[in-house]
Amino acid sequence: MTATVIVTRQLPADVEAAVLALASDDLKVLYHKSDDPLDRATLLEWCSSSAVVGIYCLLTDRIDAEVLEACGDGLRVVSTMSVGYNHIDVEWCKAHGVAVGYTPDVLTETTADLAVALLLATARRIPEAANAVKAGEWTTWKPMWLTGKDVFGSTVGIVGLGRIGAAIARRLRGFGCAIRYTGASGPKPDLAGPVEAEFRDMDALLGESDFVVVACALVPATRGLIGAAQLRAMKSDAVLVNISRGEVVDQDALIEALRAGDIGAAGLDVTTPEPLPASSPLLSMPNVVVLPHIGSASVRTRELIAKMAAQNLQAGVQGAAALPFPVP
Ligand code: NDP
Ligand code: DGY
């Protein structure tokens, strides 16, 4: 069987060209040249009907044991066009000598920009205000119309002071915010020092923060990390911002907390599921801003992460000793 590389989605033109250029007499590229996900049945069929050596995937593809086993013994690399890799069974890959590549650092600043934009938009009710203008509701200047919550001088609690969490903290220091953080590794003076961030355990962070920003990775320990008890522990006018993965927040509990007034508002770049169905109660709450997972969505950054993922794919397929950007 000819060795095969699977690419699950249409890529920017120059990255597409680089990936297609991997093809040779001995290697074919199965390219899903579409902006819609490759359906699972086709992915499984592609995996089992050829000798797959590499997969270039997106965060929308579930690369689990079923998919990996369908590829057979020749699989060398799984390369995702994302820094999050919770959609890949990394343990399986490690156990079977399959390299996994991801795209750290290059999207950090772009994602932090979006996180702060979402925090501001939610706190200052920007989408609601813009919609009111379009709907002809701007009749005059009114003292308390569309008043929101101050960001400057507030206390912001960051769940996960990693690359993106720290970049968010740097920006919010510019707004005069006091930064608190929590995470798996305890105090992190190297990242916390420059932004004068103070470590807190989760309960203390939730009770102290005006804004809680979720920026951690989705791992078994963070699935449902922000649940009913955590939401109740927040201030009643607190704003929750999630740019990590939808599954880190118990969404049903969030809906209940918003209905009960346990917290003030929520800004979500990530949800469960994605896309969020139009019927979700979140979409009819005026104090909720939902974005379609656009944290890293600048033209430059998306082109860069697509390119990094192609570099990982190429190195893996060509049998390099190590990928340029391997998952830890
Ligand atoms: P990092 O690896 O630098 O940071 C991950 C963070 O997760 C660390 O701070 C870590 O805490 C924290 N974490 C891990 N386990 C736990 C736990 N049990 N409890 C609390 N915190 C925990 O990753 P990045 O900053 O580069 O990216 C973070 C995530 O952001 C990605 O995994 C991805 O899911 C998401 N993302 C979303 C984007 C979007 O478009 N919305 C764009 C890019 C990324 P500690 O430091 O204490 O170990
Ligand atoms: C990631 O990289 O994990 C994001 O969610 C998309 O850029």
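Our structure is the block above this text.
Residues numbered from 1 in each chain as written. Chains lettered and ligands numbered in written order. Predicted model: local features only at pLDDT ≥ 70, side-chain atom pairs only at ≥ 80, totals over all residues. Heavy atoms only, no water.

**Side note on the overall build of the protein**
Per the secondary structure count, the protein includes twelve helices and twelve strands. At 22 Å, the protein has a C-alpha radius of gyration in line with the 20 Å of a compact globule built from 328 residues. Taken along its principal axes, the extent of the C-alpha atoms in the protein is 70 × 50 × 30 Å. When burial is assessed residue by residue, the protein has 49% of its 328 residues classed as buried. Counted over contacts in the protein with a minimum sequence separation of 6, partners at least 24 positions apart contribute 62%. For the protein, the computed accessible surface area is about 15100 Å², with 55% contributed by carbon and sulfur atoms. Computed over 27 positive and 37 negative side-chain charges, the separation of the two mean positions in the protein equals 5 Å. (Helix = DSSP H or I, 4+ residues; strand = E, 2+ residues; numbered from the N terminus. Rg over C-alpha atoms; globule rule 2.2 N^0.38 Å. Buried < 20%, exposed > 50% of the residue type's maximum accessible area, 1.4 Å probe, protein only. Contact = heavy atoms within 4.5 Å. Areas by Shrake-Rupley, 256 points an atom, 1.4 Å probe, with all protein chains shown as cover. Lys, Arg positive; Asp, Glu negative; His and termini not counted. Charge placed at Lys NZ, Arg CZ, Asp CG, Glu CD.)

**Here's the deal with the site of ligand 2**
Around ligand 2 sit L59, S82, V83, G84, L107, R245, H293 and S296, and those are all the residues in its vicinity. Between ligand 2 and the protein, one listed contact pairs an oxygen atom with a side-chain N or O atom of R245 at 2.7 Å. Across the complex, the protein chains shield 89% of the 230 Å² of accessible surface that ligand 2 would expose by itself. In terms of residue class, the shell around ligand 2 is built from three nonpolar, four polar and one charged. (Near = heavy atom within 4 Å. Polar contact = N/O pair within 3.5 Å; in protein donor to acceptor, adjacent residues only side chain to side chain. Nonpolar A, V, L, I, M, F, W, Y, C, P; charged D, E, K, R; others polar.)

**A closer look at unusual backbone geometry**
For residues that are not glycine, phi is negative in most cases, and the peptide bond is trans in most cases. For the bond from T272 to P273, the omega torsion is -10°, close enough to zero to count as cis. Mapped onto the fold, P273 is located in the loop between strand 11 (265–268) and strand 12 (288–290). Of note, the bond from E274 into P275 is cis; its omega dihedral lies within 30 degrees of zero at -5°. Structurally, the position occupied by P275 is in the loop between strand 11 and strand 12.

**Thoughts on the environment of W138**
Its location among the elements puts W138 in the loop between helix 6 (126–134) and strand 6 (155–159). Judged by relative accessible area, which is 58%, W138 ranks as exposed. Note: C-alpha distance between W138 and A167 (29 residues apart in sequence) is 36 Å. Not counting the four nearest positions on each side in its chain, W138 is found in contact with A132, V133 and W145.

**Overview of the pattern of salt bridges**
Applying the stated criterion across every chain yields a total of 17 salt bridges. Two residues, D64 and R62, come together in a salt bridge whose shortest N-O distance is 2.6 Å. (Salt bridge = Lys/Arg side-chain N within 4 Å of Asp/Glu carboxyl O.)

**Some details on the packing of helix 1 (residues 13–20) against helix 12 (residues 299–317)**
Running from amino to carboxyl end, helix 1 crosses helix 12 at an angle of 10°, the nearest separation of the two axes being 9 Å. Considering the angle they form, helix 1 stands roughly parallel to helix 12. Contact with helix 1, carried on its side by D14, V15 and V19, involves E303, A306, K307, A310 and L313 of helix 12 and no other residues of that element. When its residues are assigned to classes, the contact of helix 1 with helix 12 shows five nonpolar, no polar and three charged. (Axes fitted to C-alpha atoms, helices over the stretch in contact; angles between N-to-C directions. Parallel < 35°, antiparallel > 145°, perpendicular 65-115°, else oblique.)

**Comments concerning the sheet that holds strand 10 (residues 239–242)**
Through backbone hydrogen bonds, the strands of a sheet pair up, either in parallel or in antiparallel fashion. An order of 8-7-6-9-10-11-12 is seen for the seven strands of this open sheet, with the pairing classed as parallel. At either end of the open sheet lies a strand with only one pairing partner, and these are strand 8 (198–199) and strand 12. Strand direction decides the pairing type here: strand 9 (residues 211–214) and strand 10, joined by four bridges, are parallel. From the neighbouring strand, V213 faces strand 10, where its bridge partner is V241. (Pairing = 2+ DSSP bridges.)

**Thoughts on the site of ligand 1**
Near ligand 1, the surroundings consist of 27 residues, among which R163, A184, S185, K188 and D269 are the closest. At 3.0 Å, a backbone N or O of A217 approaches an oxygen atom of ligand 1. Starting from 930 Å² of accessible surface for ligand 1 in isolation, the protein chains cover 86%.

**Focus on the sheet that holds strand 1 (residues 3–7)**
Taken together, the five strands give an open sheet; going across it, the order is 2-1-3-4-5, and neighbouring strands pair in parallel fashion. Each edge of the open sheet carries a strand with a single partner, namely strand 2 (27–31) and strand 5 (99–101). For this sheet, the mean angle separating the axes of adjacent strands, direction not counted, is 15°. Relative to strand 3 (residues 51–57), strand 1 runs parallel, the two sharing five bridges.

**Quick notes on the nonpolar core**
V19, Y56, I63, V78, I158, I168 and L172 are the most contacted members of the largest nonpolar core, which has 78 residues in total. Element by element, the count of residues in this core is highest for helix 12, at seven residues. Ignoring sequence-local partners within four residues, the contact set of V78 consists of I55, C57, I63, L68, I88, C93, V98, A99, V100 and G101. Residues V159, L205, L218 and A257 belong to the second largest nonpolar core, which totals 27 residues. (Core = buried A, V, L, I, M, F, W, Y, C linked by side-chain atoms within 4.5 Å.)

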